[in-house]
Amino acid sequence: MEVTAVATQGRFGSSDWVTSYMLLYSDTGRAWKQYRQEDYTGTFPGNSDADGVVHHKLTHSIRTRFIRFVPLDWSPGGWIGLRLEVYGCSYKSDVADFDGRSSLLYRFNQKSMRTVKDVISLKFKSHRADGVLVHGEGQRGDYITLELHRGSLALHLNLDDAKRHPRSGHVSVFLGSLLDDHHWHSVLIERFNKQINFTVDRETHHIHTRGAEDSLEVDYELSFGGIPLPGKPGTFLRKNFHGCIENLYYNGVNIIDLAKRRKPQIYSVGNVTFACSEPQQVSVTFLSSSSSFLLLPLDGTMEELSVGLQFRTWNREGLLFSAPLSGNSERLVLLLTNGQLRLTHHRAAQQRSDISIGQSLNNGQWHSVSVSVRELQASLSLDNEPASTMELRDHIQTGNTVLLGGCPSTPSSHGCRNPTQAYQGCMRSIIINNQPINLFHVQRGLLGNYSKLQIDICGIRDRCLPNYCEHGGQCSQSWNTFYCDCSGTGYTGATCHNSIFEPSCEAHRLTGSASGYFSIDPDGSGPLKSTVVYCNMTEEKVWTVVAHNSTVPVRVHGTSLQEPHIMPFNYSASLEQLRILVSRSEQCQQEVVYRCRKSRLFNTWDGTPLAWWLDRSGERRTYWGGFLPGVQQCSCSLDENCIDMNYFCNCDADRESWENDTGLLSYKDHLPVTEILVGDTNRTGSEAVYKVGSLHCYGDRFLWNAASFYQESSYLHFPTLQAELSSDISFYFKTTAPSGVFLENLGVKDFIRVELSGPSTVVFTFDVGNGPVVLTVKSHVPLNDKQWHYVRAERNVKEASLQVDQLPLRFLEAPSEGHIRLQLSGQLFIGGTASRQRGFLGCIRALNINGLTLDLEERAKMTPGVSSGCPGHCSSHNSLCHNRGKCIEKSSGYVCDCTHSAYGGPNCKEEVSVSFESGSSVTYTFQEPFSVMRNTSRQTSAIYAQSSKSRENIAFSFFTTHAPAMLLTVSTYHQQYMAVILAQNGSLQIWYRLNREKKPDVFTPRPHNLANGQLHKVQIHREGRDMYVQIDKDVNQKYSLSTDRELNMIRSLTLGKVTGRAGVDEEVLQAGSRGFIGCLSSVQFNHLAPLKAAILNRGSSLVSVHGNLFESNCGTLADEMSSNSLSDHSESEDSGKGRLKNTAQNDSAVIGGLIAAVVLIVLCMVAVVTRFLYRHRHERAQQMAPVKEKDHQTRPEQSYRSELDLRSSVRDSRKEYFI
């Protein structure tokens, strides 16, 4: 029957009922399978009393003959009591059984069948991983093949002529996993022309074929269940299908019904029967990685032993079997180790011999293994391959038992120990000494003993289907969970959800970056990837520059509207990325330089455009300047200075002299320019020259998008939060109120909420159906201090986390079984709740959800009790505090807290620079030898677990003339290290040794000599295996490490000379012994500023200074070089414009050359004076104390001295874990 719902009730008039249960189903009463709901939850909630009825409608119906209820928990005051009802309807089907050597041929009424539409539907079950289900082919090369391949279903299709278009129209699609479980799976193939819908069970893939043809031509016949003549062209697998097919339809024709009625269209090959045969194999599932085992007896002691079995698992490690030999003094052990099989003969202590075979055996496929011990030889074979052997020294004598899957934890464990972990997975076809093991006898207690097993069921599931790794992350899995490899994606996190890049150039400026090329991700954790832009950090604005493919002036002549000149522009970012970048910018502009001679932009008689450009949506635009879209106008008409006031453009005057209609386009919704067309240059003497500049945008209107809530009952509401599988929420807040709800969204049962529950406590609460989960972060200082505080809450199918400022991250791992979808239905409330209680009083800004920033200011304009923006000096987008500095409100102004910045001064802009002499060094010792901090917390339905982030953010500037040199090194208590050195030739090298047993990773971002006396800025960012390096103004370069391990238990960070250290490579030791001679400036390691610590904490036990150090002014030189680089960039941006002007004004080049010569002479004089002043100051400083302490009594760096443990410096790498 087809089961659609179930209902349960307790035993009448008793205290007995079932509170949760599992549902199994089977076609034969054997080989059971667990029913899982839409989100793969396998447990059903039951009753809470004896009389109530709990009804569950199945999310997808099951067609079965047998159904089993397995109680998991029951009444605490009684026993198991169950009344149940199953709802459904009758189900009729036609089945055909194939034995692996048979097939059905459906023959057409004509020589060939050419179709533009096909529909194939069927259900199948099989215990074999490979086999052809459907195949048809034509003489010209068309084919369609549906086959099982390694437990997945593959569809191969070609619609093109193979001779004329070899493989141009071929397409292959794989769907499903573990389909060889001998349970029914449904398949539907729908094709119309080139569009194909391919569905397996509930997963659908939409395909569009390539090639020229859109019809499928099949000759003579379609075969089902196999290919009668192997080796035909177009075949991909020669194994026929072994199993059962049900309700097989081809274009509405019931193939099995025709075969049963022996119709002439159907030809049967081999033995096809119309009743499903059932295999005799019985599976057993080992559930626990610590306590599962199967103990089987042996018939007396023997001098021979043979063990055969089949297994499938996702785990790389596990004990398959262990057998005592020679009175327990020896053992024979078969292990799964790192995906390989290893057979070990343990003799006396420390004496053993072993053999290893296979690889990647934890791939979820069934593998057969056979072990045989006879006389003085042991053999091991895998998947019917030739056996590997090892010699034994003496004859063996078997014990009385064999252990499969693990070892008992009791004292009488027969000398067995789990070397790493017990086996987690499935086994079947267990044969010991040529005797098949009856697992039903084991289940009834008639044979052997067992623990934590499920008999007659294989409970394996593919946790990578569907793939919850986002942004192209690679999914891998173990028995209990899955993992995402985010290497190379630009994202990080348990599911590759979080972008590692800043969203804008403005955000890069806030982290202390200078002008240069940067990767930005405008939509954060959204679907779009990052892009590289140039960030021009000026004193007043931060410009984002996006270049395109045509940066030189283009000369056009000989064109008309019938044969126009067309130039498309391809940008370094996609149009969708540009749309988001432009929308979040405050202002954007793009210059179009257009010079003409007898070339009009518009027809002077009827106004028909003769030239135009396309905006980012592909719409034609005919205005050539201004911030408001106009019709047929140029900049001169806006400025009212056209050469002929009868026209709106200078070019329309149609003069023989060169005229200029250069304009600045600044209407954001139309930018950037994607194409330009010029049509009026086909007359004698007619010519045009144009150049479209790069897209320039400044500001980030979302960073300071804020709203003020001044009534407890007020709130902002937005559409329902779309966060079923993953969501990240981040914002800043400031308040004086002791509590209030920041955000809330409710569903029928599920909900999500972030709130300030006390003056120093932020709480993140959500429920996805497993019960409320609560994450709490408590600050040691009040959070209602009218200062900005940062909150970030994230929840996905793997974990949940809560971050407040730089406090330790609250971290929670989701349970491996349970609901995973957050189903919300109500509106999203900001600053309050639907009940209008516990509302927030204060300011919220930069509220970002899943990469989308909510426009609080716009919504606040129409909401009573809420106003746009936020009062106070620190609510301005002018970035009063720079380089990670924190703005702190005062009663009569503000002050910048530069504690976490490598810079100092009133606005955290003054670089802290130090000159090193020979033998000088600064070492910062981390107070606690821990990379993670542990704590405990209450939670209701999930499991807390350990995890770590492999992340470093390093930035510094330096200049020197000495090489080799040690710039910076970080060492750990586990003999790991990372180092940044200058090699013998002066090139910069980055060394990472994260695994003591492997060679270090060495990277040389720039092979040129950097020990050239010039200032260089280095920025290094690592996330797992991915490392991004930027030197000076170069583009970010990406490198991949050999491992994603973290620097575990950091011991110290050293600048300058390093003495001999164990485990450090020779080249790094050589650079460390030479130290560093020169100037280091603005050194930042995560949230630690070691140079600043050396100056402000002179005498601290955490900071040790050796040799002579002197404060220097190389930071000032950095500013000068930054200014020069900005000028150079501006010159390069304007070089095209200069060439345009030279076409009409050659004399300007001479004038420009004279001006350049004068400027060069002045710069040389300034350089000489600067050099003299620097040497004078350096000589004077040598006569003073080695290190001077600056007076910072009026700034928050005082706290930097008092907190000698410098907790904030390690907060970036801390997490809290809870059991």
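For clarity, every value in this text was computed on a predicted model and none was experimentally measured. (Residues numbered from 1 in each chain as written. Predicted model: local features only at pLDDT ≥ 70, side-chain atom pairs only at ≥ 80, totals over all residues. Heavy atoms only, no water.)

### Considering the sheet that holds strand β28 (residues 352–357)
Inference 1: Judged by pairing direction, the sheet is antiparallel, and its seven strands sit side by side in the order β28-β27-β26-β25-β32-β23-β35 without closing on themselves. The open sheet is flanked by β28 and β35 (449–451), the only strands paired with a single partner. For this sheet, the mean angle separating the axes of adjacent strands, direction not counted, is 10°.
Inference 2: Taken together, the six bridges between strand β27 (residues 340–346) and β28 define a ladder with antiparallel strand orientation. Paired with His345 across the bridge in β28 is Ser353. (Pairing = 2+ DSSP bridges. Helix = DSSP H or I, 4+ residues; strand = E, 2+ residues; numbered from the N terminus. Axes fitted to C-alpha atoms, helices over the stretch in contact; angles between N-to-C directions.)

### Examining the state of the cysteines
Working definition of a disulfide: a covalent bond connecting the sulfur atoms of two cysteines.
Inference 1: For the structure shown, the criterion picks out 13 disulfides.
Inference 2: What pairs with Cys244 in a disulfide is Cys276, and their sulfur atoms sit 1.8 Å apart. For the disulfide bridge between Cys244 and Cys276, the dihedral angle about the S-S bond is near -75°, and by the sign convention the bridge is left-handed. Linking Cys244 in strand β19 (residues 242–250) with Cys276 in the loop between β21 (266–269) and β22 (284–286), this pair joins segments that are 32 residues apart in sequence.
Inference 3: Judged by its relative accessible area of 2%, Cys244 falls in the buried class. (Disulfide = S-S within 2.5 Å. Buried < 20%, exposed > 50% of the residue type's maximum accessible area, 1.4 Å probe, protein only.)

### Section: the confidence of the model for the chain
Inference 1: For the chain, mean pLDDT is 83; residues scoring 70 or higher make up 86% of the total.
Inference 2: Averaged pLDDT values for the elements of the chain fall to 33 in helix α12 (residues 1207–1210) and rise to 96 in strand β59 (residues 761–767).
Inference 3: Here residues 233–237 scores under 50 on pLDDT; set against residues more than four positions off or in separate chains, the count is 17 contacts.
Inference 4: Low confidence marks residues 1125–1151, where pLDDT is under 50. Its contacts with residues over four positions away, or in another chain, come to 31 contacts. (pLDDT = per-residue confidence, 0-100. Contact = heavy atoms within 4.5 Å.)

### Points about the sheet that holds strand β7 (residues 83–89)
Inference 1: Reading across from one edge, β5-β1-β7 is the order of the three strands in this open sheet, with antiparallel pairing throughout. Where the open sheet ends on each side, the last strands, each with one partner, are β5 (54–63) and β7. This sheet shows a mean twist of 20° between the axes of neighbouring strands, independent of strand direction.
Inference 2: Relative to β7, strand β1 (residues 2–9) runs antiparallel, the two sharing seven bridges. Among the inter-strand pairings, Glu2 is bridged to a residue of β7, identified as Cys89.

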